[in-house]
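# An overview of the molecular structure
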Amino acid sequence: MTLHTPKITGADGRPVIRQLDEAAINRIAAGEVVERPASAVKELVENALDAGASRIQVDIADGGKTLIRVTDDGCGMTAEDLPLALSRHATSKIDGSDLLDIRSFGFRGEALPSLGAVGRLVITSRAGGEAAQIGCEGSRITPVRPAALTRGTVVELRDLFFATPARLKFLRSDRAEMQAVTEVIRRLAMAEPQVGFTLRDVSGGEARVLFRADPASGDLFDALHSRLSTVIGRDFTDNALRIDAERDGLRLQGYAALPTYSRGSSAQQYLFVNGRPVLDRMLYGALRAAYFDVLSRDRHPAAVLNLIADPQRVDVNVHPAKAEVRFREPDAARSLIITALKSALTGAGHRASSTVGAATLQAIRPVYQMDRHSQPTLARAFAFQSPQTFAGLAEAPMAPAFAPPREEETQSNDEHPLGAARAQLHENYIVAQTATGIVIVDQHAAHERLVYERLKRQLAETGVKAQALLIPEIVDLSPADAARLLDAAPALAEVGLTVEPFGGSAVAIREVPAVLGQVNGEALIRDILDELADSGDSTLVRARIDAILSRMACHGSVRSGRQMRPEEMNALLREMEATPLSGQCNHGRPTYVELSLHDIERLFGRR
């Protein structure tokens, strides 16, 4: 409900329309542009970037509540420019003739007057001649006076929201506000890898560097790779794929991580449009869609992507903080992101994240002689090593845990990235020897991905081949599940699974995909029902079919607990090497772990 109690009324009690003064207008504009200290930092740093700065230093005190100082070596401003800079809608970045041809971060001319309306603002700048300084406190501008400055601009904002103290109550702790400022600097540092950034906390009079990124050299991708190693970390860049694709006048550049480097949240997703950091739901949805069949729903891809488009095809003037954009052809932008990422992931083949092997090494703890084990543990160990006899049974040679390598297999180590199979442990893990170490493969997860890719390939080429059952399998379901399954019957038929009503709420399975072999029909149906319930009715038909294929692949893959012959294990390894995306299962988990001989020798103290 709206409170109808106007503050401005006439003699008869009727609301009166009046023109607000300049100070009130600036404070209202500040409410849109400056939500918190991080918003002020963003506006000031973007101004420095638009001025052509090569180094930017940001000093913060008390989370930005008492001090924000941005120093740059850009082109600077003259004494005549300074009063105009504090006027609303005065800017050097556009001439107003075409608001769809914006090639700079800022363009509205609202940031500085808005900051001067809610804080104590001082600007010192030099552009070739003498340096000059101007101040603004609560929208009251002080006269321009001479100052001392070598080059560039220094913008100092103290006591943010002193003119609107009610806004201070909505700010979070100093630590939370500082984290928000750091995130803003990190995003802008990724957008401009050739520019140096330094963020310092000067609370209490002591300067403490929170973030530093020196200017990166080289071409775009070399500079971006170096900057991302600094901002996100080497783990990301070591496991990221280079993205450079162009179509329909749009270009996508950046790095996207392997599926096995997935995160528990979307914190490592950074998207830019023409170098501008954006939080656009359409773009993030496209990123998620590209990883649809290689990640489970609770995992998130990591990526840093810049979508480059003609400014005439992108409207950046649709959000007060310029955090969202609007595309003239949104489908073209979405399609480019999905196809470029899928192509890169497919081209990665069986490659898996190196962090998987590192995590495995961290989990391995060498057992030294000084480690004391309990008596039950020692007893079990001795019993395991002692000879065993079986009464009433003829002694039979046991299969060796590790098959001795044959000469031709030893030679093949150099030829095959995943090496030659040497053993199967716990009827689930294949141990293979490579030229540089060993590989441990999860046979069920690996084969599940192989079957899934095989089903998708069949569907795209000739359709999934179906195998008719001699005796249809009848499955009793609830009325709601039966209705949901029969609604999806046309999509199921496309993937080789034919179901028909069989009276009441029962259904009959008449055909199953031939690639699955013998399957438990009831278990398959119930898994597909779970998938249909998870995906909902809004999911696209193509996505629903892929999700169903993923469920089917699980039923058609080698099960855990099955013993495999050496030739079967090697065949699985060879197919993994030839199949795209085989480095992770359908849920994004790694299908194999690779340990280098160098790391293994370090575990045993040989290095």
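For the structure, see preceding data.
Position numbers for residues start from 1 in each chain and track the written sequence from start to end. Where local features are concerned, this predicted model is filtered to residues with pLDDT of at least 70; where side-chain atom pairs are given and counted, the filter is 80 or more; whole-chain, interface and lining totals use all residues. Excluding hydrogens and water, the side-chain figures rest on all heavy atoms present in the structure.

### Let's talk about the pattern of salt bridges
Side-chain pairs of opposite charge can arise whenever the charged atoms involved come near each other. By definition here, a salt bridge exists when the distance from a side-chain nitrogen of Lys or Arg to a carboxyl oxygen of Asp or Glu is within 4 Å. Evaluation of the coordinates by the stated rule reveals 28 salt bridges. The closest approach of N and O atoms between K65 and D174, which form a salt bridge, is 2.9 Å. Of this pair, K65 sits in the loop between β1 (55-61) and β2 (67-72) while D174 sits in helix α6 (residues 174-191); the two residues are 109 residues apart in sequence, bridging distant segments of the chain. Only runs of H or I of at least four residues qualify as helices and only runs of E of at least two qualify as strands under DSSP, and these elements are numbered from the N terminus.

### Observations concerning the sheet that holds strand β22 (residues 506-513)
Pairing is antiparallel in the open sheet, where 3 strands are placed in the order β20-β22-β21. Edge strands, defined here as strands with exactly one partner in the open sheet, are β20 (466-476) and β21 (498-501). In this sheet, neighbouring strand axes are inclined to one another by 20° on average, regardless of whether the strands run parallel or antiparallel. The rule for pairing is simple: two strands pair if DSSP sees at least two bridges between them. Where β20 lies against β22, 7 bridges are found, and the strand directions are antiparallel. Residue pairing in the sheet places A466 in a bridge with P513 of β22. Helix axes use the C-alpha atoms of the stretch in contact, all axes being lines fitted to C-alpha atoms, and the angles between their N-to-C directions lie in the range 0 to 180 degrees.

### Structural notes on the packing of helix α14 (residues 443-461) against helix α19 (residues 566-578)
At their nearest, the axes of α14 and α19 sit 10 Å apart, and the two run at 50° to each other. Taken together, the axes of α14 and α19 lie oblique to each other. For the pair α14 and α19, the sense of crossing is left-handed. The segment α14 lies against α19, with Q443, A446, H447, L450 and R454 engaging L572, E575 and M576. The class makeup of the residues in the contact of α14 with α19 is 4 nonpolar, 2 polar and 2 charged. Here is the rule for angles: anything less than 35 degrees is roughly parallel, anything more than 145 is roughly antiparallel, 65 through 115 is roughly perpendicular, and the remaining ranges are oblique. Note: crossing handedness is left-handed where the near helix turns anticlockwise from the far helix by less than a right angle, and right-handed where it turns clockwise. Note on definitions: a residue-residue contact is assigned when non-hydrogen atoms from the two residues lie within 4.5 Å. In this count, Pro and Cys sit with the nonpolar residues alongside Ala, Val, Leu, Ile, Met, Phe, Trp and Tyr, while Asp, Glu, Lys and Arg are called charged and the others, Gly among them, polar.

### Re the packing of aromatic side chains
Centres within 6.5 Å make a pair out of two Phe, Tyr or Trp rings, where for Trp the six-membered ring is used; the pair is then stacked when the planes are under 30 degrees apart, edge-to-face when over 60, and tilted otherwise. Tallied over the entire structure, the rule returns 2 aromatic pairs. Ring geometry for F221 and Y255: centres 6.0 Å apart, planes at 80°, overall edge-to-face. Taken together, the residues F221 in helix α7 (residues 220-231) and Y255 in strand β11 (residues 250-257) connect sequence positions 34 residues apart. For the pair formed by F221 and Y255, the shared burial category is buried. Note on exposure labels: buried denotes an accessible area under 20% of the residue type's maximum, exposed denotes more than 50%, and partly exposed covers the range between, all computed with a 1.4 Å probe on protein chains only.

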